[in-house]
Amino acid sequence: MDRRDDDVKNYGYYRIAGKLRVARYTALFVFLIFTAVLFFAFRQEMTMNHFRYLLRNIDFSSNVSLFAGDTIYYNGDDDCEFGFVSGGLAVVNDARVFVTDRASGTTFSEHHGYKAPRLVSSEKYMLLYDRSGSSLSVYNAFSHLKSFEYNGTVVAAATASDGTVAVAVVGEDDYYSTVYVYSASFELLNTISKYKYVTSLALSENGDMLAVGSVFADSMGEVRSELLYLEVGKKKEETKITLENEALWQISFFDNDSFAVMTDSALLFFDNDGDRIKRVAYPSTPSGAYIGKEGILLLVSEADSRYQRVYLYDEDGDCDLKNRAIGGTCQSIAEDGRYYYLSVGNELLTFEKDGDSFVRASLPKDDGMLVSDGERVYYATSSYAKVLDKKAIGR
């Protein structure tokens, strides 16, 4: 007789064990589907470093989302540039570029070797180029992705959230300037060569459209500017405009894919088809400007140059805030979804994007600057970046 026939069996436990066996295989199946989706949908971004970062930062505490990232600590210096990439704070000083996550952990650090580094960041990527050199590097929050070397000096660069990169080079060849456009896989999509000097370029947030601004002298020696607006990867422009007796300074896209152009005499507003909506002459010679996601802040100096006044224009060129004194000179500007922020000495000026609710609050005495991750605004210094106190600014 087989002794196993005499074993006592609890059929309730057997039923539970069977359900757990099904749950185990179900969890395994879900994990395999999850892994496949990550691989195929986010193939370029989901590297081993991303998996390590994900596992390292799993936290099941109930209040972790309330406090994570309120203050980010790092080791910088007194002359840094800041930006955000994939939610991490990117910091560039004279020797190093690094990214610090919201738990104050370093996700990436590297010596760049540039004499005059300039940082450009988008939601997922950042560019670093030498304003006195011929090289440019592309990074994400975890690694150095690619470097480029050119025969000439890099004068402008832009990147979109899909990884599209545009680089303007004042060359040493037959053309005065050349613009190179690359895909997220660093395939060369387009090359635009011009007998003009490129002063600014911009990419729409989704990487579909490119705007290029340049200046040149006509046959009579008069300054002119040219604006090109075209689809990425195509040679034929959607819009080509020549501006007489104006020097084009800056181009920038708004969130709705319309864009604005700053010249030495006016603001020009265009819709997403490249048609000009409005031209707004400056009320006075500007001493500073900020082109944001939904409008433009224009700063002009008072008779005493230690003091400035501010004008606010929306995407259509309408003035929502006019000639408002700020009580000093603005050091930095940032924005979130609802407010603009200006640092003026040790004061923070905050006002809604429609121009209302102008509020003043104090800032730390540290020599810092404002930087936004898109949702929150931080006050960044040489050693920490702290979310601005919402109670102090009247919210």
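Structure: above.
Let me sum up the structure you'll find in this document. Just so you know, these numbers come straight off a predicted model, no measurement behind them.

**What to know about the overall build of the protein**
Within the protein one finds three helices and 32 strands. Taking all 395 residues of the protein together, 44% fall into the buried category. Long-range contacts, defined as pairs at least 24 residues apart, comprise 38% of the intrachain contacts of the protein with a sequence gap of at least 6. Total accessible area on the protein is roughly 21,000 Å²; 50% of this is exposed by carbon and sulfur atoms.

**Regarding the pairing of strand 2 (residues 81-85)**
In terms of burial, strand 2 is a largely internal element, four of the five residues being buried. Where strand 2 meets strand 3 (residues 88-92), five bridges bridge the pair, whose relative direction is antiparallel. Counted as the bridge partner of Phe-82 is Val-91 from strand 3. Taking the residues that link successive antiparallel strands as the turn, the strand 2-strand 3 hairpin has two residues, and the phi of Ser-86 there is positive, at about 50 degrees.

**Observations concerning the sheet that holds strand 4 (residues 96-100)**
Overall, antiparallel pairing links the four strands, which are arranged 2-3-4-5 in an open sheet. For this open sheet the edge positions go to strand 2 and strand 5 (106-111), each flanked by a neighbour on one side alone. With direction set aside, neighbouring strand axes in the sheet form an average angle of 15 degrees.

**Some details on the side chain of Asn-93**
You can see Asn-93 is positioned in the loop between strand 3 and strand 4. Under the relative-accessibility criterion, Asn-93 is labelled buried at 9%. A distance of 2.6 Å separates a polar side-chain atom of Asn-93 from the backbone nitrogen of Arg-96. When neighbours within four sequence positions are excluded, Asn-93 is seen to be in contact with Asp-77, Asp-79, Cys-80, His-112 and Pro-117.

**Some points on a negative patch on the surface**
Among the surface-exposed residues, Asp-78, Asp-79, Asp-94, Asp-366 and Asp-367 lie close enough to one another that they form a single negatively charged patch. Considering the arrangement of structural elements, one finds Asp-78 in the loop between strand 1 (71-73) and strand 2.

**Remarks on the pattern of salt bridges**
Evaluated as defined, the whole model comprises 16 salt bridges. When the shortest N-O distance is used, the salt bridge between Asp-70 and Arg-376 registers 3.2 Å. On the criterion of sequence distance, the pair formed by Asp-70 in the loop between helix 3 (64-67) and strand 1 and Arg-376 in the loop between strand 30 (369-372) and strand 31 (377-380) is long-range, its members being 306 residues apart. Judged by relative accessible area, which is 26%, Asp-70 ranks as partly exposed. In this structure Arg-376 comes out as partly exposed when scored by relative accessible area, which is 22%.

How each quantity is defined
- Residues numbered from 1 in each chain as written.
- Predicted model: local features only at pLDDT ≥ 70, side-chain atom pairs only at ≥ 80, totals over all residues.
- Heavy atoms only, no water.
- Helix = DSSP H or I, 4+ residues; strand = E, 2+ residues; numbered from the N terminus.
- Buried < 20%, exposed > 50% of the residue type's maximum accessible area, 1.4 Å probe, protein only.
- Contact = heavy atoms within 4.5 Å.
- Areas by Shrake-Rupley, 256 points an atom, 1.4 Å probe, with all protein chains shown as cover.
- Pairing = 2+ DSSP bridges.
- Axes fitted to C-alpha atoms, helices over the stretch in contact; angles between N-to-C directions.
- Polar contact = N/O pair within 3.5 Å; in protein donor to acceptor, adjacent residues only side chain to side chain.
- Patch = residues over 30% accessible without salt bridge, like charges linked within 9 Å, V, L, I, M, F, W, Y side chains within 5 Å.
- Salt bridge = Lys/Arg side-chain N within 4 Å of Asp/Glu carboxyl O.
- Lys, Arg positive; Asp, Glu negative; His and termini not counted.
- Charge placed at Lys NZ, Arg CZ, Asp CG, Glu CD.

Shape descriptors only; they carry no functional weight alone.
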